[in-house]
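So you can see what is in the structure, the chains are spelled out below.
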Amino acid sequence: MLTRKQHKLLLFIDSHLKQTGFSPSFDEMKEAMGLRSKSGIHRLISGLEERGFLRRHHHRARALEVIQLPEMTDPTENLPSNVIRGDFSRSSAPPHKIPLYGRIAAGLPIEALSDTTAFLDIPAELTGTGDYYALEVAGDSMIEAGIMDGDYVIIKRTNTVENGQIVVALIDDNDVTLKRLRRKGKAIALEAANPNYETRIVPAERLKIQGRLAALIRRYH
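Presented here is a report on the structure given in the accompanying data block. (Residues numbered from 1 in each chain as written. Predicted model: local features only at pLDDT ≥ 70, side-chain atom pairs only at ≥ 80, totals over all residues. Heavy atoms only, no water.)

## A closer look at the pairing of strand β7 (residues 132-136)
The two faces of a sheet get side chains in turn, since along a regular strand they alternate between them. Of all 5 residues in β7, 4 are buried; the element is thus mostly enclosed. In this sheet, β7 lies alongside strand β5 (residues 96-103) in parallel orientation, the contact comprising 2 bridges. Opposite Arg103, over in β7, you have Glu136 as the bridge partner. Strand direction decides the pairing type here: β7 and strand β8 (residues 152-156), joined by 5 bridges, are antiparallel. Residue pairing for β8: Tyr132 is matched across the bridge by Lys156. (Buried < 20%, exposed > 50% of the residue type's maximum accessible area, 1.4 Å probe, protein only. Helix = DSSP H or I, 4+ residues; strand = E, 2+ residues; numbered from the N terminus. Pairing = 2+ DSSP bridges.)

## Quick notes on the sheet that holds strand β10 (residues 175-184)
Here we have 9 strands laid out as an open sheet, ordered β6-β5-β7-β8-β13-β9-β10-β11-β12, and mixed in their pairing. Edge positions in the sheet fall to β6 (119-122) and β12 (200-203), since each of these pairs with one other strand and no more. Taken pair by pair, the neighbouring strands of this sheet meet at an average axis angle of 45 degrees, ignoring direction. (Axes fitted to C-alpha atoms, helices over the stretch in contact; angles between N-to-C directions.)

## Considerations on the nonpolar core
In terms of nonpolar packing, the biggest core is built from 18 residues, with Leu135, Ile147, Val153, Ile155, Ile166, Val168 and Leu178 touching the most fellow members. Looking at this core, the elements that each hand over two or more residues are β7, β8, β9 (166-171), β10 and β13 (207-217). The contact partners of Val153, leaving out residues within four places of it in the chain, are Tyr133, Ala134, Leu135, Val137, Ile147, Leu178, Leu213, Ala215 and Leu216. Counting residues in each nonpolar core, the second largest holds 14 residues, with Leu9, Leu10, Met33 and Val66 among its members. (Core = buried A, V, L, I, M, F, W, Y, C linked by side-chain atoms within 4.5 Å. Contact = heavy atoms within 4.5 Å.)

## Description of helix α3 (residues 38-50)
Counted at 1.5 Å a residue, the expected span for α3 with its 13 residues is 18 Å, and the 18 Å between its end C-alpha atoms agrees. Every buried residue of α3 is listed here: Gly40, Ile41, Leu44, Ile45, Ser46, Gly47, Leu48 and Glu50. Taken from the residues just after α3, Gly52 is the one with a positive phi, measuring 85 degrees. (Expected span 1.5 Å × (residues − 1).)

## Structural notes on the packing of aromatic side chains
Per the counting criterion, the structure on display carries 1 aromatic pair. A ring pair is formed by Tyr101 and Tyr133, whose centres lie 5.2 Å apart and whose planes are at 40 degrees; its orientation type is tilted. Of the two residues, Tyr101 is situated in strand β5 and Tyr133 in strand β7; the sequence distance between them amounts to 32 residues. Neither Tyr101 nor Tyr133 differs from the other in exposure class; each is buried. (Phe/Tyr/Trp six-rings, centres within 6.5 Å; stacked < 30°, edge-to-face > 60°.)

## Considering the pairing of β10
Here 6 bridges tie β9 to β10, and the two strands are oriented antiparallel to one another. Paired with Val168 across the strands is Leu178, a residue of β10. Counted between consecutive antiparallel strands, the loop separating β9 from β10 contains 3 residues, among which Asp172 sits at a positive phi close to 55 degrees. The sheet contact formed by β10 and strand β11 (residues 187-191) spans 5 bridges and is antiparallel. When the bridges of β11 are listed, Leu181 appears paired with Leu190. Joining the antiparallel neighbours β10 and β11 is a turn of 2 residues, in which Gly185 adopts a positive phi near 65 degrees.

## Details of the side chain of Ser23
Position of Ser23 relative to the elements: it lies in the loop between α1 (4-20) and α2 (26-33). Classification of Ser23 as buried rests on a relative accessible area of 1%. Among the polar contacts listed, one links the side chain of Ser23 to the backbone nitrogen of Leu64, at a separation of 2.8 Å. (Polar contact = N/O pair within 3.5 Å; in protein donor to acceptor, adjacent residues only side chain to side chain.)

Following this line, the structure appears as structure tokens:
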């Protein structure tokens, strides 16, 4: 799922690449999106990268690669107004089977759940190299990032993440949460994407990164 702003930026980047052969500058993206600061563009690009629609080539200037474009959802379907459906139905690659650790791992460290018997089949396009697992989202703390209660988030297992990425964080070895990470000196800020939730500041030594958001799956019944 993409937010409307993510979808608009993705289409702009794709159009610019096709017309010029290189990525738009941050100033061009900022102007196209009507945003006042580059930080908003950084957040949108991070979201597109996390969901598998965009690849950012680090250490190269203006190097963005569009991996795929989503199809607009059926207008009669009852989707949130700020969400676009991603369509993977035409994929020819076999799905990947990854472990499903429940609703945000039930408060346990991810390592403690390595013997799970539940698995989730996901489109191959949503993963790259590395180790992945899935969690079911509990609550509405990340709704403005397009992540809803009951969604399945696909997590790439890593303890190295960048500022602004959405991560699975383990606090004090017993509290697992899905939040956007910001480093603030020797502390870590875990930001919700819902104004009803406060940012949580945690000393860095009390926090372990269990992985970062790679993709999201939403099922309709």
